[in-house]
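As a plain string of letters, each chain reads:
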Amino acid sequence: MAFWAGGSPSIVDYFPSEDFYRCGYCKNESGSRSNGMWAHSMTVQDYQDLIDRGWRRSGKYVYKPVMNQTCCPQYTIRCRPLQFQPSKSHKKVLKKMLKFLAKGEVPKGSCEDEPMDSTMDDAVAGDFALINKLDIQCDLKTLSDDVKESLQSEGKNSKKEEPHELLQSQDSVGEKLGSGEPSHSVKVHTVPKPGKGADLSKPPCRKAKEIRKERKRLKLMQQNPAGELEGFQAQGHPPSLFPPKAKSNQPKSLEDLIFESLPENASHKLEVRVVRSSPPSSQFKATLLESYQVYKRYQMVIHKNSPDTPTESQFTRFLCSSPLEAETPPNGPDCGYGSFHQQYWLDGKIIAVGVIDILPNCVSSVYLYYDPDYSFLSLGVYSALREIAFTRQLHEKTSQLSYYYMGFYIHSCPKMKYKGQYRPSDLLCPETYVWVPIEQCLPSLENSKYCRFNQDPEAVDEDRSTEPDRLQVFHKRAIMPYGVYKKQQKDPSEEGAVLQYASLVGQKCSERMLLFRN
């Protein structure tokens, strides 16, 4: 168990699916089905490997839809930010924000926004009773203490670094973007064909005028540096992230559009702060009440909830609590790995919050909520574009962090199909767990809700459970392989659930994570 020497292992309680329940997408009262586990704690690598097998978290509950049985199959979708070019509709949203900030312009007519993934509405969604019950049953402190004692009894020391408070780095970065080629994908093209858009692996040229503008901006920053090192990014170019102006024969980059210069007398000021939510940083604690009030208004106006729901404890349980252990390796991003809130501050008040996980290979979007008074700014789209740009920024220091996971793509649900518009993107094959470009998946999804995207009939899950006896079990304050544990048990029915768990999490995770058995 040398792989636990640097920190605590993941500890999970597994709950196999016993019945169908109400679907948050098509509203079928008994159409949705998923398996789940309560994560007392989880390493970021284990969660990365789990979401690459179709799992997803809601608070500390981690679930996986039963894809060939559930009414609305949910396919994990990821965008490739290094090759991303905003569409016309994306550019309209960014320009709308810039006009509002510069001149205070409010667009007339109705606003067509794209909601981000609503964890309250999907799989385990509004089942507060289930998760509340699990939260009470599963005592994290006791389990953590027991595991610590078990590891120490085997001579293992567990030391953890303190997470850094400096969150969104403003340091200089390298000149080139990496290729971002996925290690386990099918027919993924990383470089645009001639005439099909900018090659993001090469830096665009800079004009003298833009260099002068950046010098002026840097001078102003030096005169008024407040906040720049407190975990938030002001509206304006992040220094040296991307050259501010593309060649005239190339489309503007995402960063050009987001960080376009504003006049000195701009009507509004937008700042984006990235604060660690678990364990909560001082900045997170100081803004928790204001953040909750935004969420409460969002639920009342957008989702028509009553004023007494959700409570602050429910908000904390779903959107602030996380099983992910904070990790700050030297080769990782400056903010470290784990769970964060990306807060959007307009003129000194929070108007939106994006809940995100920063993992070894990706930024994973968990949820977005916003002040309904600012719906006209299309904050669902705007925040997704900012998170894509943030992923590109993190990639500059941590080259393997090169994907943006958008949760689940549900082809049969119109409000969730918008995620396919962030191109290039891939869907996860639910049988072999390889990534397939979405363009190759859509024809099959038009014919059937459930599809195997991998066209190779001989392909199998490369990380399938082949040695279940090597699965790690935590039982009576002792860690042991399942092969040893099952010899001590008299209940044969338990084996079915354990083997199902092993097949769903894969061989690697089954050997690293501790399956709690009471």
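Residues numbered from 1 in each chain as written. Predicted model: local features only at pLDDT ≥ 70, side-chain atom pairs only at ≥ 80, totals over all residues. Heavy atoms only, no water.

Novice: Help me out: how do you make sense of the overall build of the protein chain in this one?
Specialist: Counting secondary structure elements, the protein chain contains 12 helices and 16 strands. Residues classed as buried in the protein chain amount to 55% of the 518 residues present. (Helix = DSSP H or I, 4+ residues; strand = E, 2+ residues; numbered from the N terminus. Buried < 20%, exposed > 50% of the residue type's maximum accessible area, 1.4 Å probe, protein only.)

Novice: Explain the pattern of salt bridges here, please?
Specialist: Opposite charge on two side chains permits pairing when their charged atoms draw close. In the structure shown here, the tally under the stated rule is 20 salt bridges. The salt bridge involving Lys-397 is made with Asp-334; its shortest N-O contact spans 3.0 Å. Of this pair, Lys-397 sits in helix H9 (residues 379-397) while Asp-334 sits in the loop between helix H8 (312-320) and strand E8 (338-346); the two residues are 63 residues apart in sequence, bridging distant segments of the chain. Its relative accessible area of 44% is what places Lys-397 among the partly exposed residues. (Salt bridge = Lys/Arg side-chain N within 4 Å of Asp/Glu carboxyl O.)

Novice: I'm lost on empty space enclosed by the protein in this one. Help?
Specialist: If you walk through the whole model with that rule in mind, you get three cavities of 30 Å³ or more. Empty space within the largest cavity amounts to approximately 70 Å³. As for the largest cavity, its lining consists of Arg-53, Gly-54, Lys-64, Pro-65, Met-67, Gln-74, Tyr-75, Thr-76, Leu-428, Pro-430 and Tyr-433. Of all the secondary-structure elements, those providing two or more residues to the lining of the largest cavity are strand E4 (61-65) and strand E5 (75-79). Grouping the constituent residues of the lining of the largest cavity by class yields six nonpolar, three polar and two charged. (1 Å grid on protein atoms, 1.4 Å probe; cavity = no way out; pocket = protein on both sides within 12 Å on 5 of 7 lines; lining within 4 Å. Points joined across faces, edges and corners; volume = space filled by probe spheres on them. Nonpolar A, V, L, I, M, F, W, Y, C, P; charged D, E, K, R; others polar.)

Novice: Just to check I follow, could you spell out the confidence of the model for the protein chain for this structure?
Specialist: Fine structural detail should not be taken from predicted coordinates in areas where pLDDT scores are low. Scored by pLDDT, the protein chain comes out at a mean of 82, with 72% of its residues at no less than 70. Long-range and interchain partners of residues 117-129, a stretch whose pLDDT sits below 50, account for 48 contacts in this model, where long-range means more than four residues apart. Within the model, pLDDT remains below 50 along residues 225-237, and this stretch shows 41 contacts once partners closer than five positions in the same chain are excluded. (pLDDT = per-residue confidence, 0-100. Contact = heavy atoms within 4.5 Å.)

Novice: Could you clarify how one ought to interpret the environment of Glu-511 in this entry?
Specialist: With respect to the helices, strands and loops of the structure, Glu-511 is situated in helix H12 (residues 494-512). Owing to a relative accessible area of 21%, Glu-511 belongs among the partly exposed residues under this scheme.

Novice: So what exactly am I meant to see when it comes to the packing of helix H1 (residues 44-51) against H12 here?
Specialist: Between two packed helices, the angle of one axis relative to the other and the distance separating the axes together describe the packing. Closest axis-to-axis distance for the H1/H12 pair is 10 Å, and the angle between their directions is 160°. As judged from the angle between their axes, H1 and H12 are roughly antiparallel. The two elements H1 and H12 meet at a crossing, and its hand is left-handed. Every residue of H12 that contacts H1 at Gln-45, Asp-46, Asp-49 and Leu-50 is listed here: Val-505, Lys-508, Cys-509 and Arg-512. (Axes fitted to C-alpha atoms, helices over the stretch in contact; angles between N-to-C directions. Parallel < 35°, antiparallel > 145°, perpendicular 65-115°, else oblique. Left-handed = near helix turned anticlockwise from the far one by under 90°.)

Novice: Looking at this structure, I do not really get the state of the cysteines. What am I missing?
Specialist: Joining two cysteines, a disulfide is a covalent bond between their sulfur atoms. Scanning the entire structure with this criterion turns up zero disulfides. Sulfur of Cys-413: no disulfide; nearest cysteine sulfur belongs to Cys-72 and is 6.5 Å away. (Disulfide = S-S within 2.5 Å.)

Novice: It is not clear to me how the pairing of strand E7 (residues 270-278) should be interpreted in this structure. Could you clarify?
Specialist: Residues in a regular strand point their side chains to alternate faces of the sheet. Taken across its nine residues, E7 has eight buried, putting it largely inside the fold. The pairing of E7 with E8 spans eight bridges and is antiparallel. Looking across to E8, one finds that Arg-276 is bridged to Phe-340. (Pairing = 2+ DSSP bridges.)

Novice: Help me understand the nonpolar core in this model?
Specialist: Across soluble globular proteins, nonpolar side chains have a tendency to be buried as a group. If you look at the biggest cluster of nonpolar residues, it comprises 105 residues, and the most contacted ones within it are Met-37, Tyr-369 and Tyr-422. No other element matches the nine residues that H9 contributes to this core. With seven residues, the next largest nonpolar core counts Tyr-25, Cys-71, Cys-72 and Ile-410 among its residues. (Core = buried A, V, L, I, M, F, W, Y, C linked by side-chain atoms within 4.5 Å.)

Novice: Could you clarify how one ought to interpret the packing of aromatic side chains in this entry?
Specialist: Inspection of every chain in the model, using the stated rule, returns 20 aromatic pairs. Each ring, one from Tyr-295 and one from Tyr-367, has its centre 6.2 Å from the other, and the planes form 65°; the classification is edge-to-face. Note that Tyr-295 is positioned in helix H7 (residues 282-302) and Tyr-367 in strand E10 (residues 362-370), a separation of 72 residues in sequence. Like Tyr-295, the residue Tyr-367 is buried in the burial classification. With centroids separated by 5.9 Å and ring planes inclined at 85°, the aromatic side chains of Phe-315 and Tyr-369 adopt a geometry described as edge-to-face. With Phe-315 in helix H8 and Tyr-369 in strand E10, this residue pair connects regions lying 54 residues apart in the sequence. With respect to burial, Phe-315 and Tyr-369 carry one shared label: buried. (Phe/Tyr/Trp six-rings, centres within 6.5 Å; stacked < 30°, edge-to-face > 60°.)

Novice: Sorry, what's going on with H1 here?
Specialist: Because each turn of an α-helix spans 3.6 residues, side chains separated by three or four positions in sequence point in the same direction. Most of H1 is tucked away, with seven of its eight residues classed as buried. All buried positions along H1 are accounted for by Val-44, Asp-46, Tyr-47, Gln-48, Asp-49, Leu-50 and Ile-51.

Novice: Explain unusual backbone geometry to me, please; I cannot follow it from the model alone.
Specialist: The general pattern is negative phi for most residues beyond glycine and trans for most peptide bonds. With an omega dihedral of -5°, the bond running from Thr-309 to Pro-310 counts as a cis peptide bond. With respect to the helices and strands, the residue Pro-310 is situated in the loop between H7 and H8. Here the residue pair Arg-423 and Pro-424 is connected by a cis peptide bond, since its omega of -5° sits within 30 degrees of zero. The backbone of Lys-304 sits at a positive phi, close to 60°, despite the residue not being glycine. Looking at the secondary structure, you find Lys-304 in the loop between H7 and H8.

Novice: Could you clarify how one ought to interpret a nonpolar patch on the surface in this entry?
Specialist: A contiguous nonpolar patch, built from Met-300, Val-301 and Ile-302 and spanning about 200 Å² of accessible area, is present on the exposed surface. Its place among the elements puts Val-301 in helix H7. (Patch = residues over 30% accessible without salt bridge, like charges linked within 9 Å, V, L, I, M, F, W, Y side chains within 5 Å. Areas by Shrake-Rupley, 256 points an atom, 1.4 Å probe, with all protein chains shown as cover.)

Novice: Sorry, what's going on with the side chain of Thr-70 here?
Specialist: In this structure, Thr-70 sits in the loop between E4 and E5. For Thr-70, a relative accessible area of 7% corresponds to the buried category. Among the polar contacts made by the side chain of Thr-70, one reaches the main-chain amide nitrogen of Arg-33 at a distance of 3.2 Å. The contact partners of Thr-70, leaving out residues within four places of it in the chain, are Gly-31, Ser-32 and Arg-33. (Polar contact = N/O pair within 3.5 Å; in protein donor to acceptor, adjacent residues only side chain to side chain.)

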